[in-house]
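The residues making up each chain are set out below.
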Amino acid sequence: MITLKNLSEMTGYSITTISRVLNNDTTLRASEKTKDVIRTIAKSSGYKTMQSKKNKSKLKNNLIKKTYLGIVETFNMEEYIQDPYYMYLKGFVEQECFNKKIEIVKIQYDEKEGKYSLFPNKKVSGIITLGNFSPDKMKAIKKISKNIVFLDCAPKNGKYSSVVVDLELGVKRGIDYLLKCGHKDLCFVGPKTAPNILNREEPEVKRNAFIKYAKEKNIEEFTQIIDCERSIESAHKMVVKFINEKNKFPTAFLAVNESVTIGILNALSHYNIKVPEDVSILNYNNTVYSAFVNPPLSSISINSEYMAKIAVDLVVRQSENEYFPIQISVFPEIMERESIKKLK
């Protein structure tokens, strides 16, 4: 890259004089010939002043086509409250769009019309989805854009890209962590089923992974399951019932999500059972809740912020190039805090 010093060496004029000429300093006393020599050599050598760089950058930014990205969500506020993981996931998508200067278009389904409406009504480069979709909604969304990235769920037809979590691996790592801490009397708390992308109930992945991996680790006889919905109220009710029935008490609970974890904590508090002194809890998801609950929750951590960034980057790239659908799987990690007592 050519510098003022290089120009000074080539022209024989001082750095100060060259700088003042190239920046059009009207107070400079120099002949037109001197100015012409400096400008000609600077131009032919490829030197750019700071101002010309700024002008070029400004022009480039003005020529950049505005990117509009659609977000489709099927969760309502009650569902977000029951499982705030999805609320945070949506927030991270919006933040990443803001960081990349991408304008968000909200897309809502009109039940009467059987189609989606866009707010504002702009042509979108692609769509990120959050939630579960009926077959009719799936058909309707494809009419808006074929460039769709499904976030935290994946259609099984292989026609669209997705960013998902390896939930089964998360459970395995959770059980391994608990065993390492000396726990084998484990109790999974969560539902039997969960809605798939088409909003149809199917076996809960985390629960099935818990049962399967307990068999692999030869601790099946020490494990238990408490059935509950994915909410604070349901978890509280069922854990109270579990305690009142005087079942064998585990050394550690593994909760399907943070709402269930909070329900467990509330139930234990009612009986003055302390965490982690009397029983440990391993939480699944790890949103901001986990760090501020008392005690701060050790968790099977899903990096939802990273997932959101990948999804936004993927949908933008697919809008700019011909693409083949891909699935990106994020691996959960263990976040150690204070809700697990080490027995050995």
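As a reminder, the structure under discussion sits directly above these lines.
**Comments concerning the overall build of the protein chain**
Then step 1. Across its full length, the protein chain holds 13 helices and 15 strands.
Then step 2. Computed over C-alpha atoms, the radius of gyration of the protein chain comes to 29 Å, more than 25% over the 20 Å expected from 2.2 N^0.38 for 344 residues, which places it beyond the range of a compact globule.
Then step 3. Taking the principal axes of its C-alpha atoms as reference, the protein chain extends roughly 100 × 55 × 35 Å.
Then step 4. Sorting the 344 residues of the protein chain into buried and exposed places 44% on the buried side.
Then step 5. In the protein chain, the proportion of contacts linking residues at least 24 apart, taken out of those at least 6 apart, comes to 67%.
Then step 6. Entry remark: accessible area of the protein chain is about 19300 Å², with carbon and sulfur atoms responsible for 50%.
Then step 7. Treating the 53 positive side-chain charges of the protein chain as one cloud and the 40 negative ones as another, the clouds have centres 9 Å apart.

**Looking at the sheet that holds strand S1 (residues 68-73)**
What links the strands of a sheet is backbone hydrogen bonding, and the strands pair in either a parallel or an antiparallel sense.
Then step 1. Spatially, seven strands are ordered S3-S2-S1-S4-S5-S6-S14 in an open sheet, and the strand pairing comes out mixed. Strands with a single pairing partner mark the edges of an open sheet, and in this sheet they are strand S3 (115-119) and strand S14 (327-330). When strand polarity is set aside, the average angle formed by the axes of neighbouring strands in this sheet is 25°.
Then step 2. Relative to strand S6 (residues 161-165), strand S5 (residues 148-151) is paired through three bridges, and the arrangement is parallel. The residue of S6 that forms the bridge with Leu151 is Val163.
Then step 3. Its contacts with the sheet place helix H7 (residues 135-142) against S1, strand S2 (103-110), S3, strand S4 (126-130) and S5, and it is angled at close to 50° to S3.

**Considering the pairing of S3**
Then step 1. Covered by surrounding structure in S3 are Tyr116 and Leu118 only, the residues Lys115, Ser117 and Phe119 on the alternate face being uncovered.
Then step 2. The sheet contact formed by S2 and S3 spans five bridges and is antiparallel. Bridge assignment links Tyr109 to a residue of S3, and that residue is Tyr116.

**Section: the environment of Pro296**
Then step 1. Tracing the backbone shows Pro296 in the loop between helix H12 (288-292) and strand S13 (298-301).
Then step 2. On the basis of relative accessible area, Pro296 is assigned to the buried category, the value being 18%.
Then step 3. It is 5.4 Å that separates the C-alpha atoms of Pro296 and Glu338, two residues lying 42 residues apart in sequence.
Then step 4. For Pro296, the residues in contact, after removing those within four places along its chain, are Ser290, Ala291, Arg337, Glu338 and Ser339.

**Observations regarding the packing of aromatic side chains**
How two aromatic rings sit relative to each other is set out by the distance from centre to centre and by the angle between their planes.
Then step 1. One pass over the structure, following the stated rule, counts eight aromatic pairs.
Then step 2. Ring centres 5.9 Å apart and planes at 65° place the aromatic pair Phe150 and Tyr160 in the edge-to-face group. Of this pair, Phe150 sits in strand S5 while Tyr160 sits in the loop between S5 and S6; the two residues are 10 residues apart in sequence, bridging distant segments of the chain.
Then step 3. Site record: aromatic cluster; members linked through ring pairs are Phe75, Tyr85 and Tyr86.
Then step 4. One cation-aromatic arrangement involves Lys206 over Tyr284; the distance from NZ or CZ to the ring centre is 4.2 Å.

**Structural notes on the packing of helix H10 (residues 232-244) against helix H11 (residues 258-270)**
Then step 1. The N-to-C vectors of H10 and H11 enclose an angle of 40°; their axes lie 7 Å apart at closest approach. On the basis of their axis angle, the class for H10 and H11 is oblique. In this structure, the crossing between H10 and H11 has a hand that is right-handed. Residues Ile232, Ala235, His236, Val239, Val240 and Ile243 of H10 lie in contact with H11, whose contacting residues are Ser259, Val260, Ile262, Gly263, Ile264, Asn266, Ala267 and Leu268.
Then step 2. The class makeup of the residues in the contact of H10 with H11 is 10 nonpolar, four polar and no charged.

About the thresholds
- Residues numbered from 1 in each chain as written.
- Predicted model: local features only at pLDDT ≥ 70, side-chain atom pairs only at ≥ 80, totals over all residues.
- Heavy atoms only, no water.
- Helix = DSSP H or I, 4+ residues; strand = E, 2+ residues; numbered from the N terminus.
- Rg over C-alpha atoms; globule rule 2.2 N^0.38 Å.
- Buried < 20%, exposed > 50% of the residue type's maximum accessible area, 1.4 Å probe, protein only.
- Contact = heavy atoms within 4.5 Å.
- Areas by Shrake-Rupley, 256 points an atom, 1.4 Å probe, with all protein chains shown as cover.
- Lys, Arg positive; Asp, Glu negative; His and termini not counted.
- Charge placed at Lys NZ, Arg CZ, Asp CG, Glu CD.
- Pairing = 2+ DSSP bridges.
- Axes fitted to C-alpha atoms, helices over the stretch in contact; angles between N-to-C directions.
- Phe/Tyr/Trp six-rings, centres within 6.5 Å; stacked < 30°, edge-to-face > 60°.
- Lys NZ or Arg CZ within 6 Å of the ring centre and 35° of its normal.
- Parallel < 35°, antiparallel > 145°, perpendicular 65-115°, else oblique.
- Left-handed = near helix turned anticlockwise from the far one by under 90°.
- Nonpolar A, V, L, I, M, F, W, Y, C, P; charged D, E, K, R; others polar.

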